[in-house]
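# Examination of the molecular architecture
So you can see what is in the structure, the chains are spelled out below.
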Amino acid sequence: MEEVFKYKPRFRFTSLGYGVVVPLFLIVFPVVSPFSITLGGFTIVPYPWTILLFILAAIGFFWSFYSKARQAIKLRGQDCTIVIREGIFSYRDLVKGKVESISFPLADVCKVDYDEEEGELEIYVAGESGKTESYTLDMRYFETQEAWDRFYGIMCSL
């Protein structure tokens, strides 16, 4: 039996999740309260700290944006398909800045965890020397909802 699923990472601003929400809060909050954070006349965070929060949040925001966009750009030209053939699961992903083919036997999958809020499927695989490795797949990168449902059904049946 062979199953092939098109899995194409693409950059969407909404896929950044908390990598955008937290830095934006830390950027907007000092702008709204520009001089300090006060609580009943008591200064909690003085002005220099609000500037530092603003700078750190901006760095966090742009780093999240850059890392997701870089992943999508590097994988765009690759053959990004998930193949399940003769009990072997394989796909291409970005590992330490390089596109690599990842494959493992389906028999080694010890746990499958789906996070509905993030739309991510975490696959835990028993590796060599008892070490468990995890791989994350985003349901938004599948070509169609039907393909995702079929893939998810296969992974849950393990």
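As a reminder, the structure under discussion sits directly above these lines.
Below is a short write-up of the structure. These numbers come from a predicted model, not from an experiment.

We now examine the nonpolar core. By size, the foremost hydrophobic cluster in this structure holds 23 residues, and its most contacted members are Phe5, Ile82, Phe89, Phe104, Ile123, Leu137 and Phe151. Looking at this core, the elements that each hand over two or more residues are β4 (81-85), β5 (88-95), β6 (98-105), β8 (120-126), β9 (132-138) and α3 (145-156). Among the elements that line this core, the one with the most residues is α3, at 5 residues. Leave out the neighbours within four places in its chain, and Ile123 touches Phe89, Phe104, Val109, Lys111, Glu133, Ser134, Tyr135, Leu137, Phe151 and Met155.

Right, let's get into the pattern of salt bridges. Where charged atoms from two side chains of opposite charge approach closely, those side chains can pair. Per the stated rule, a full pass over the model turns up 3 salt bridges. The residue Arg150 makes a salt bridge to Glu3 at a minimum N-O spacing of 2.5 Å. With Arg150 in helix α3 and Glu3 in strand β1 (residues 2-6), the pair connects residues that are 147 residues apart, well separated along the chain. Owing to a relative accessible area of 41%, Arg150 belongs among the partly exposed residues under this scheme. Notably, a salt bridge pairs Asp138 with Arg140, separated by 2.8 Å at the nearest N-O pair. For Asp138, a relative accessible area of 5% gives the class buried. Since its relative accessible area comes to 28%, Arg140 is described here as partly exposed.

Below, the discussion takes up the environment of Val112. Within the secondary structure, Val112 sits in strand β7 (residues 109-115). We classify Val112 as partly exposed; its relative accessible area is 26%. Remark: the alpha-carbon pair of Val112 and Thr136, spanning 24 residues in sequence, is separated by 10.0 Å. Filtering out sequence-adjacent residues up to four positions away, Val112 remains in contact with Leu121, Glu122 and Met155.

Moving on to the sheet that holds β9. Neighbouring strands of a sheet are bound in pairs by backbone hydrogen bonds; such pairs are parallel or else antiparallel. Spatially, the 3 strands line up as an open sheet ordered β7-β8-β9, and their pairing is antiparallel. On the outer flanks of this sheet lie β7 and β9, each paired with one strand and no other. Each strand of the sheet is rotated relative to its neighbour by a mean of 20°, with strand direction disregarded. The pairing of β7 with β8 spans 6 bridges and is antiparallel. When the sheet's bridge partners are listed, Val112 is paired in β8 with Ile123. Each of β7, β8 and β9 touches α3; the most contacted strand, β8, lies at about 30° to it.

As a further point, take the pairing of β9. Pairing between β8 and β9: 7 bridges, direction antiparallel. Its bridge partner lying in β9, Glu122 is registered against Thr136. What sits between the antiparallel neighbours β8 and β9 is a turn of 5 residues, in which Ser129 has the positive phi angle 55°.

What follows is about the sheet that holds β1. Ordered in space as β1-β4-β5-β6, the 4 strands form an open sheet in which the pairing is antiparallel. Each edge of the open sheet carries a strand with a single partner, namely β1 and β6. Sheet twist, expressed as the mean angle between neighbouring strand axes with direction ignored, is 20°. Bridge analysis of β4 against β5 gives 3 bridges, and the strand direction is antiparallel. Each bridged residue has a counterpart across the sheet, and for Arg85 the counterpart in β5 is Ile88. Along the sheet, α3 makes contact with β1, β4 and β5, crossing β1 at roughly 135°.

Conventions we followed
- Residues numbered from 1 in each chain as written.
- Predicted model: local features only at pLDDT ≥ 70, side-chain atom pairs only at ≥ 80, totals over all residues.
- Heavy atoms only, no water.
- Core = buried A, V, L, I, M, F, W, Y, C linked by side-chain atoms within 4.5 Å.
- Buried < 20%, exposed > 50% of the residue type's maximum accessible area, 1.4 Å probe, protein only.
- Helix = DSSP H or I, 4+ residues; strand = E, 2+ residues; numbered from the N terminus.
- Contact = heavy atoms within 4.5 Å.
- Salt bridge = Lys/Arg side-chain N within 4 Å of Asp/Glu carboxyl O.
- Pairing = 2+ DSSP bridges.
- Axes fitted to C-alpha atoms, helices over the stretch in contact; angles between N-to-C directions.

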